[in-house]
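What the coordinates show
Each chain, written out:
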Amino acid sequence: MEEAWDTFLVSGKVTDYLRYKDAESMQVQRDSARNLEREWPDGTNDCSDRDGFKCNAGG
């Protein structure tokens, strides 16, 4: 992502800026996916039971 920013700073091209924003967006998506996959030490997942309560679903 930093390389894309450096390229934009040198070129000033809109396409290079958009490439940087796309890389930034992809990083945010990866970070969000990692948070969704988080498991607790007891092996349960942090997700909703669809009843509005956030707890161990399907347990």
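Residues numbered from 1 in each chain as written. Predicted model: local features only at pLDDT ≥ 70, side-chain atom pairs only at ≥ 80, totals over all residues. Heavy atoms only, no water.

With that settled, the discussion passes to the environment of Glu24. Checked against the element boundaries, Glu24 lands in helix H2 (residues 14–36). Judged by relative accessible area, which is 25%, Glu24 ranks as partly exposed. Considered as a pair, Glu24 and Glu2 are 22 residues apart in the sequence and their alpha carbons are 9.2 Å apart. Within polar-contact distance, the side chain of Glu24 engages the side chain of Lys21 at 2.8 Å. (Helix = DSSP H or I, 4+ residues; strand = E, 2+ residues; numbered from the N terminus. Buried < 20%, exposed > 50% of the residue type's maximum accessible area, 1.4 Å probe, protein only. Polar contact = N/O pair within 3.5 Å; in protein donor to acceptor, adjacent residues only side chain to side chain.)

Across all of its chains, the model carries 4 aromatic pairs by this definition. When the centroid spacing of 6.2 Å and the interplanar angle of 45 degrees are considered together, the rings of Tyr17 and Tyr20 count as tilted. Of this pair, Tyr17 and Tyr20 both sit in helix H2, 3 residues apart, roughly one helical turn. The exposure class assigned to Tyr17 is partly exposed, which follows from its relative accessible area of 32%. Residue Tyr20 is classed as buried on the basis of its relative accessible area of 15%. Three or more aromatic residues joined by ring pairs form one cluster here, namely Trp5, Phe8, Tyr17 and Tyr20. (Phe/Tyr/Trp six-rings, centres within 6.5 Å; stacked < 30°, edge-to-face > 60°.)

Interpretation in functional terms is not warranted from these geometric data alone.
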